[in-house]
Amino acid sequence: MSTNALLLVITAAGLHALWNAVVKASGDRLVTTWGVVSVAALANIPILALFGLPVREVWWMVGLSALIHAAYNLALVVAYRRADLSFAYPVARGTAPLLVTIGGVVFLGDRISSRGFVGVLLVTLSLGLLATQRPIRHATWAVVTGLLIASYTLVDGAGVRISGDSAQFVGAVFVAHAVLLTSVVVVLRRYSSLRNALTAHAGPCSWGVLP
């Protein structure tokens, strides 16, 4: 890996950890997540205007990726409700690499060296040990989040290969993701208003895991 590529990877990892920390510290994690996603979508609109939309053959993959991303956002919000950032974040991010590696080999024809696979396996096992330090209920949603990360990573990888242009495909995913998540937030916040009104009159009760 070149120095520039390594610096980009490290910068991306730092920014990713930063926005996750902001979401975790927020009073309304769902709305904060929506804000981050919306800013990313706005930043990608000029890219789509410059490079155009991806080919029609991958539009369904853009929609599928946006759907998985929205599900990932919801799972992440619930994971951060159930556990600390220092626990939920590494478990979620550590679950994905092994699944992506296996999925890439099985579904996308990727090749990975034995040394690379051992490295991924060691990272995943290390984070698995971390997960055993807490009750299973604390890790469940973090693992679900990791499964969704692996899912959208594989879809995005396949979409970029078919479309032949990463800027077009990723830009379209960001915008479609923001549109879909906006709809989800509107529905859930209306649900929350109704829930709060009923709770105020009927007393505390359980309403499931929705944000």
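Residues numbered from 1 in each chain as written. Predicted model: local features only at pLDDT ≥ 70, side-chain atom pairs only at ≥ 80, totals over all residues. Heavy atoms only, no water.

(A) Up close: the confidence of the model for the protein chain. Per-residue confidence for the protein chain gives a mean pLDDT of 82, with 85% of residues at or over 70. Throughout residues 200-208 the model reports pLDDT below 50, and contacts reaching past four residues in sequence, or to other chains, amount to eight contacts. (pLDDT = per-residue confidence, 0-100. Contact = heavy atoms within 4.5 Å.)

(B) Fine view of the side chain of T33. Here T33 lies in helix α2 (residues 29-51). A polar contact is formed between the side chain of T33 and the backbone oxygen of R29, at a distance of 2.8 Å. (Helix = DSSP H or I, 4+ residues; strand = E, 2+ residues; numbered from the N terminus. Polar contact = N/O pair within 3.5 Å; in protein donor to acceptor, adjacent residues only side chain to side chain.)

(C) Layout of the environment of R161. Here R161 shows up in helix α6 (residues 136-163). For R161 and L108, which are 53 residues apart along the polypeptide, the C-alpha to C-alpha distance reads 9.6 Å. Setting aside anything within four residues of it in sequence, one finds R161 in contact with L108 and D110.

(D) Spotlight on the nonpolar core. By size, the foremost hydrophobic cluster in this structure holds 29 residues, and its most contacted members are M61, Y72, Y80, A88 and F169. Counting only elements with at least two residues in this core, the list comes to α1 (3-25), α3 (59-82), α4 (85-107), α6 and α7 (166-202). With near-sequence residues (within four places) excluded, Y80 lies in contact with N20, V23, K24, R29, L85, A88 and Y89. Membership of the second largest hydrophobic core comes to nine residues, among which are V37, A41, L181 and V185. (Core = buried A, V, L, I, M, F, W, Y, C linked by side-chain atoms within 4.5 Å. Buried < 20%, exposed > 50% of the residue type's maximum accessible area, 1.4 Å probe, protein only.)

(E) Here's a closer look at the packing of aromatic side chains. Using the criterion set out here, one finds one aromatic pair in the structure. Both rings, one in Y72 and one in Y152, keep their centres 5.4 Å apart while their planes meet at 70°; by these two values the pair is edge-to-face. Here Y72 is found in helix α3, whereas its partner Y152 is found in helix α6, with 80 residues between them in sequence. Across the pair, exposure class does not vary: Y72 and Y152 are buried alike. (Phe/Tyr/Trp six-rings, centres within 6.5 Å; stacked < 30°, edge-to-face > 60°.)

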